[in-house]
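# Tertiary structure, described
Listed here are the chains, written in short residue letters.
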Amino acid sequence: MTRIAPNHLEIKCFCRPRTAIYVRVSTVHADAAEVQRARLRAAVSGRGGIIVAEYEDRGHAGGRGPGFQALLRDTVDKRFDSVLVTDLSRLSRSLIDFYELVGILDEHGIGLVSLKENFDTATAQSRAMLNIILVFAELERQQTAERTRALSDGRVPDPSGS
């Protein structure tokens, strides 16, 4: 286990030797991207891996930015063995989009590793946890969309969700 920073939990990283890191921030705060990048670099370094590619998107929804599109192109070329993210929500909050991404990575023998959720798609237990996490990520995405629609219609969203 690698200690990433003071006051953070120790996080395992199951990175394979050639690792790509992906950073996405929904705001223009430069420091948010740098914080993600530093955590990812420390995790790879702590496990003896090598970062062979870094991708970044700012202000784009998951899966739509130019950095993510470049990651997909390099996946087809098998430029790396695993993709490392700080949090699954950096890739996508859409269940369908996420399943599609995992399918593409699997097809090319590339693993997905997330620090926050502490898993690697190479293990059966992690794949089961991924399915559970994705269901709740999709729920969060749908609830956010409902709240946004309610606010744009001039309604106050019901905090109970009903």
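Right above here is the structure, for reference.
This report concerns the structure included in the present document.

## A word on a nonpolar patch on the surface
Judged by side-chain polarity, M129, I132, V135, F136 and L139 come together as a nonpolar surface patch covering roughly 470 Å² of accessible area. A residue is classified by how much of its surface remains accessible, and M129, at 41% relative accessible area, is partly exposed.

## Remarks on helix 4 (residues 124-152)
Relative to the 42 Å expected for 29 residues at 1.5 Å per residue, helix 4 spans 42 Å between its end C-alpha atoms, a close match to the ideal helical length. Every buried residue belonging to helix 4 is among S126, L130, L134, A137, E138 and A150, and all of these are buried. Lining the buried residues of helix 4 we find helix 3 (95-107) and strand 5 (119-120). Once helix 4 finishes, G154 follows within two positions and takes phi at roughly 80 degrees, a positive value.

## Quick notes on the nonpolar core
If you look at the biggest cluster of nonpolar residues, it comprises 22 residues, and the most contacted ones within it are Y22, Y55, F80, V83, L91, F98 and L112. Only strand 1 (18-25), strand 2 (50-58), helix 2 (66-76), strand 3 (82-85), helix 3 and helix 4 provide two or more residues apiece to this core. Setting aside anything within four residues of it in sequence, one finds L112 in contact with V83, L88, L91, F98, V102, L105, F119, D120 and T121. One finds V23, A43, V44 and V113 within the second-largest nonpolar core, a separate group that totals 10 residues.

## Details of the pairing of strand 4 (residues 111-114)
Burial along strand 4 is two-sided: G111 and V113 and L112 and S114, pointing in opposite directions, are all buried. Where strand 3 lies against strand 4, 4 bridges are found, and the strand directions are parallel. Within the sheet, the bridge partner assigned to L84 lies in strand 4 and is V113. In this sheet, strand 5 lies alongside strand 4 in antiparallel orientation, the contact comprising 2 bridges. Directly across from S114, in strand 5, lies its bridge partner F119. What sits between strand 4 and strand 5 in their antiparallel hairpin is a turn of 4 residues, with N118 showing a positive phi close to 55 degrees.

Parameters at a glance
Residues numbered from 1 in each chain as written. Predicted model: local features only at pLDDT ≥ 70, side-chain atom pairs only at ≥ 80, totals over all residues. Heavy atoms only, no water. Patch = residues over 30% accessible without salt bridge, like charges linked within 9 Å, V, L, I, M, F, W, Y side chains within 5 Å. Areas by Shrake-Rupley, 256 points an atom, 1.4 Å probe, with all protein chains shown as cover. Salt bridge = Lys/Arg side-chain N within 4 Å of Asp/Glu carboxyl O. Buried < 20%, exposed > 50% of the residue type's maximum accessible area, 1.4 Å probe, protein only. Helix = DSSP H or I, 4+ residues; strand = E, 2+ residues; numbered from the N terminus. Expected span 1.5 Å × (residues − 1). Contact = heavy atoms within 4.5 Å. Core = buried A, V, L, I, M, F, W, Y, C linked by side-chain atoms within 4.5 Å. Pairing = 2+ DSSP bridges.

None of the figures reported here should be taken as evidence of function without further support.
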